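# Residue-level structure breakdown
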Amino acid sequence: MTPPAPATFRVVEVRAVTVELPSQYPVVTLRETDAPHRELAIPVGMSEGVALGHALHKVATPRPLTHELLVTVIQRLAADLVAVRLVGRRAGTYLGELDLMSSAGREVLECRPSDGIIAALRCRVPAPVLVDERLLAGPDDVEPA
């Protein structure tokens, strides 16, 4: 039996966080940085949409929000957020992971894509957001490689 081919990831940028009526949920739009510049729209919860909007537009908050706290903890532990990856989709739910590196080695942790993207945007040097190119090809389920 041949093992599955490794996933190919595309670098994306966060283009927008919007609410399109009549939907009551925000959508984060990601766009490939290289041709063919496909887009991926991911629905998120209201609080995640607000946090994404704050992070995208570099809005300062009077006290650290959860994602700002997460980034501070990562930095204080002398770790780096190397990348955020969107690795799959099951029944419309996107799957993500944080790729962390420290002197202790590499750690890959499952996360909600919205949490990972917010953390990536909140880093002093924003971490890249990578998307499995199969997610850009259509709406079907994609199992992580």
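In short, a report on the structure. (Residues numbered from 1 in each chain as written. Predicted model: local features only at pLDDT ≥ 70, side-chain atom pairs only at ≥ 80, totals over all residues. Heavy atoms only, no water.)

A few words now on the nonpolar core. One finds Leu-30, Leu-40, Ile-42, Leu-81, Leu-86 and Val-131 to be the most contacted residues of the largest nonpolar core, which totals 32 residues. In terms of residue count, helix 3 (residues 113–122) provides more of this core than any other element does, 5 residues in total. For Leu-40, the residues in contact, after removing those within four places along its chain, are Val-28, Thr-29, Leu-30, Leu-86, Arg-89, Tyr-94, Val-131, Leu-135 and Leu-136. (Core = buried A, V, L, I, M, F, W, Y, C linked by side-chain atoms within 4.5 Å. Buried < 20%, exposed > 50% of the residue type's maximum accessible area, 1.4 Å probe, protein only. Helix = DSSP H or I, 4+ residues; strand = E, 2+ residues; numbered from the N terminus. Contact = heavy atoms within 4.5 Å.)

Take the sheet that holds strand 4 (residues 80–90) next. On the basis of which strands lie adjacent, the open sheet formed by 7 strands has the order 3-2-1-7-4-5-6 and mixed pairing. Edge positions in the sheet fall to strand 3 (39–43) and strand 6 (105–111), since each has one partner strand and no second. Each adjacent strand pair in this sheet contributes to an overall mean axis angle of 35 degrees, direction not counted. Both strand 4 and strand 7 (residues 129–132) contribute to a ladder of 3 bridges, which runs parallel. Residue pairing across strands places Val-84 opposite Val-129, the latter belonging to strand 7. Lying over the sheet, helix 1 (residues 46–56) contacts strand 1 (9–18) and strand 2 (27–32), oriented at roughly 105 degrees with respect to strand 1. Lying on the sheet, helix 3 is in contact with strand 1, strand 2, strand 4, strand 5 (93–102), strand 6 and strand 7; it crosses strand 4 at an angle near 155 degrees. (Pairing = 2+ DSSP bridges. Axes fitted to C-alpha atoms, helices over the stretch in contact; angles between N-to-C directions.)

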